[in-house]
Amino acid sequence: MSQPSAKKNRAFLKWAGGKYSLVESINKLLPPGDKLIEPFVGAGSVFLNSNYDKYLLNDINQDLINLYQVVKRRPKTFIADARQLFTPLQNNADAFYALRREFNLSTDTYTRSLLFLYLNRHGYNGLCRYNGSGQFNVPFGKYKKPYFPEAELEFFAEKAKRATFTCQPFQNSFRRARKGQVMYCDPPYLPLTVSANFTSYASGGFSFTEQGILAQKAEQAAFKRGIPVLISNHDTEHARLFYKRAELTELMVHRYISQNGSTRNKVAELLAYYPANPIT
């Protein structure tokens, strides 16, 4: 079992599908190890609320990993510069779209890291979305006073001293895993229903085929190489088929699932655990 931090720590980014509300359930299932490997780190709630000596944190989003590397290397400079973007003058549609345009045109990693945080906190619902040309296209969020996450950035920067950040396909994280380490996978979730907009879902780069590959990689890591793996996903018929060789924990999680976000409903989720014991 992973030993969580005494105080629950929030991520400095808003993130769809973030695991802040589930960290207790996840920590109950994560075993001890030398290192925690996350192939889909997202906002990093499990990283921030677990206690391993080392971390390998991966994500396919280059802007996200770039931001994390900047915060790790230059936390004080980054916080001072980012704070200047969180003013009433920058919190209007004209300023937002001008800064979004600057982000999309910039090739400077430091500039993009600052603007990525700004867009995350000022954009609609904290979404992270790109168009077919790779342009960030989330609209203005119209928040009265976007929160500047200074304390969360400071905590992240301090804990990031234990972490290595990579931007690679998730399969590479499995290749880098060794016995004595632990893996937690939070992939893009399976659609709740067959009628869900699967085209849109798959265009994000994670198809049914890749869901199956992830489950196969987890089985191989745990049952052949002795590396325990925990995966979270929606509780669907497909998920139960993919994770048929795992130990399943069922959860009901509050999520905004209506289009206008005015109602919260409980959605069934699964934690699929592959223990480091070969199946004979």
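For the structure itself, look to the data block above.
In this report, we go over the structure that sits alongside the text. Computed from a predicted model, the values in this text were never measured in an experiment.

### A look at the packing of helix H4 (residues 75-83) against helix H7 (residues 150-159)
Then step 1. At their nearest, the axes of H4 and H7 sit 10 Å apart, and the two run at 160 degrees to each other. What the angle tells us is that H4 and H7 run roughly antiparallel. As for how H4 packs across H7, the hand of that crossing is right-handed. Residues Pro 75, Phe 78, Ile 79 and Arg 83 of H4 lie in contact with H7, whose contacting residues are Glu 150, Leu 153, Glu 154 and Ala 157.
Then step 2. Classifying every residue of the contact of H4 with H7 by side-chain character gives five nonpolar, no polar and three charged.

### Details of the pattern of salt bridges
It is possible for side chains of opposite charge to pair when their charged atoms get near one another.
Then step 1. The tally for this structure, following the rule as stated, stands at eight salt bridges.
Then step 2. Across the pair Glu 24 and Lys 8 runs a salt bridge whose closest N-O atoms are separated by 3.1 Å. Of this pair, Glu 24 sits in helix H1 (residues 23-29) while Lys 8 sits in the segment before H1, placing them 16 residues apart in sequence.
Then step 3. Residue classification places Lys 8 among the partly exposed residues on the basis of a relative accessible area of 29%.
Then step 4. Counted as one network, the salt bridges with shared partners bring together Asp 235, Arg 240 and Glu 250.

### Some words on helix H3 (residues 62-73)
Then step 1. Its 12 residues give H3 an end-to-end C-alpha distance of 16 Å, which sits within 8% of 16 Å, the value for a rise of 1.5 Å per residue.
Then step 2. On its buried face, H3 sits against strand E2 (54-58), H4, helix H5 (93-105), helix H6 (109-122), H7 and strand E3 (163-166).
Then step 3. A side-chain oxygen of the first residue of H3 lies 2.9 Å from the backbone nitrogen of Asp 63; this N-cap is Asn 61.

Definitions and cut-offs
Residues numbered from 1 in each chain as written. Predicted model: local features only at pLDDT ≥ 70, side-chain atom pairs only at ≥ 80, totals over all residues. Heavy atoms only, no water. Axes fitted to C-alpha atoms, helices over the stretch in contact; angles between N-to-C directions. Helix = DSSP H or I, 4+ residues; strand = E, 2+ residues; numbered from the N terminus. Parallel < 35°, antiparallel > 145°, perpendicular 65-115°, else oblique. Left-handed = near helix turned anticlockwise from the far one by under 90°. Contact = heavy atoms within 4.5 Å. Nonpolar A, V, L, I, M, F, W, Y, C, P; charged D, E, K, R; others polar. Salt bridge = Lys/Arg side-chain N within 4 Å of Asp/Glu carboxyl O. Buried < 20%, exposed > 50% of the residue type's maximum accessible area, 1.4 Å probe, protein only. Expected span 1.5 Å × (residues − 1). Polar contact = N/O pair within 3.5 Å; in protein donor to acceptor, adjacent residues only side chain to side chain.

Distances and angles like these do not, on their own, reveal function.
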